[in-house]
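# Observations on the model geometry
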Amino acid sequence: MKILLCPLSDGGYLYPAVATGRELRRRGHHVSVLGRATAAPVAADAGLPFAAAEDFGGHRAFSATWWGPQGAAQYRATVRAARETGADLLVTSVLCNGALLAAETLDIPVVVVGLAAHLWDYRTGGDDEPHLGRTRQSRTEGCLGLYSDLREEAGLAGRASRWGDEPLLGDALLLRGDPELEYPGGQLPERVRHVGPLSWEPTPDPADVEAIGDHLSRSDKPVVYVHLGRFFEGRSLWPRLNEAFTGGRFQAVVEQGRSTDPQPAPDADILLVRKRWLGPLADRADLVLSSGTSAPVLAALLRGKPLALSPNGSEQTLLTGACLRAGVAVHFPNDPSMAATALLESAWRDDGLRARAQALGSRLAATDSAARAADAVEEAAGLPAAAPADAAA
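It should be emphasised that the depicted structure is a prediction, and the values quoted were computed from it without experimental measurement.

Before going further, it helps to examine the confidence of the model for the protein chain. Residues of the protein chain with pLDDT of at least 70 account for 96%, and the chain-wide mean is 93. When the criterion is pLDDT under 50, residues 389–393 qualifies, and its contacts beyond four places in sequence or with other chains add up to zero contacts.

Take a look at the structure:
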């Protein structure tokens, strides 16, 4: 089977799809990647053939920043690339409306790789779920509106979607978290399944890892890994970071890939990095501070690290709420009236918080998530289910 991976090219979306693709290639399928030209080194590291979306008219088509406005370009680029590669199936990510409609136009299955928790309405239940931001209903209606607008633009509005009233799920939606991260009583739609973290990232440069380690070793302060997601609204978190890491107990290593306009104070114990990987940094940390996006949350949990979360929109608020309910995170509000250092100190010393993070992380790590995801892809393609790993030959 020929499979085209066409997720958003940002690491938090691309890497889980690559993890799925590598397992599918191991099973004998032909797997290639379509994405922004900047993703070519990632595909090369994964050993997968790559096609640049720009070569198919897809400028900005697979950028998380432009996922809404560039849906039409994504649709056209995916159709063209899938036809050129002879794709039998697409693997995409949430927010890729263009890829969903491309699959419909081409009449081939599409599997959607999701986030650590379900983003949209439950099938039933969850009506009393508290919200740090938008409600599920509001988020679902907004996403469906963009999908419907693009469907009309693509000339597909006159026929019924084969996915009925849940088109955003594709033929299967794969969640990378754990059932504990869903709201109690909420029932997921039938095409949604948990597959686990799908943890993969490009190979770190040993020299880079060593240099960062040497820098952090100059101080005996505990390390906090800071990984901020996309900024949507409200005040910048940088004043809080400077407060927390200037003259206090902790030092920080801050991934600046999604942190717009980083502003570390001159005397702050902050090391700015820009890397395609985060694993070795999370390994070194005693605590992970994030806005609540899936990649750093899952990386922290897989390593048994407690979390401090400061969401400012979108997925971040939903996943933060899930982590607070699970008892693996504390809320780190962007409120100058609350002492930042004291909040970090409390989380760092909370043995119960750490134990719960380790327990949930162990459960996630025990899941052969790439195999589960590949099973779902093959099922969507109508292939027979794989035999259990321990089945007699």
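Below, the discussion takes up the sheet that holds strand β2 (residues 30–35). Reading across the sheet, the seven strands line up as β3-β2-β1-β4-β5-β6-β7 and stay open at both edges, with parallel pairing between neighbours. Edge strands, defined here as strands with exactly one partner in the open sheet, are β3 (50–52) and β7 (192–194). Averaged over neighbouring strand pairs, the angle between their axes works out to 25° when direction is ignored. One ladder, built from three bridges, connects strand β5 (residues 110–113) with strand β6 (residues 172–175); its direction is parallel.

Okay, the pairing of strand β8 (residues 223–227) next. Where burial is concerned, most of β8 is hidden: five out of the five residues are buried. Side chains Val-223, Tyr-225 and His-227 project from β8 onto one buried face, and the interleaved Val-224 and Val-226 project onto a second face that is buried too. For β8 and strand β9 (residues 251–255), the ladder comprises five bridges, and the chain directions are parallel. Residue pairing in the sheet places Val-223 in a bridge with Gln-251 of β9. Here four bridges tie β8 to strand β11 (residues 287–290), and the two strands are oriented parallel to one another.

Let's shift gears to the nonpolar core. Counting 49 residues, the largest nonpolar core has Leu-34, Leu-90, Val-94, Trp-120 and Leu-173 as the members making the most contacts within it. Of all elements in the fold, only α3 (71–85), α4 (97–106), β5, α5 (136–153) and β6 reach the threshold of two or more residues within this core. Considering each element in turn, this core owes the most residues, seven residues, to α3. Discounting chain neighbours no more than four positions away, the residues touching Val-94 are Leu-8, Tyr-13, Val-112, Val-113, Gly-114, Leu-115, Trp-120 and Leu-173.

Conventions we followed
- Residues numbered from 1 in each chain as written.
- Predicted model: local features only at pLDDT ≥ 70, side-chain atom pairs only at ≥ 80, totals over all residues.
- Heavy atoms only, no water.
- pLDDT = per-residue confidence, 0-100.
- Contact = heavy atoms within 4.5 Å.
- Pairing = 2+ DSSP bridges.
- Helix = DSSP H or I, 4+ residues; strand = E, 2+ residues; numbered from the N terminus.
- Axes fitted to C-alpha atoms, helices over the stretch in contact; angles between N-to-C directions.
- Buried < 20%, exposed > 50% of the residue type's maximum accessible area, 1.4 Å probe, protein only.
- Core = buried A, V, L, I, M, F, W, Y, C linked by side-chain atoms within 4.5 Å.

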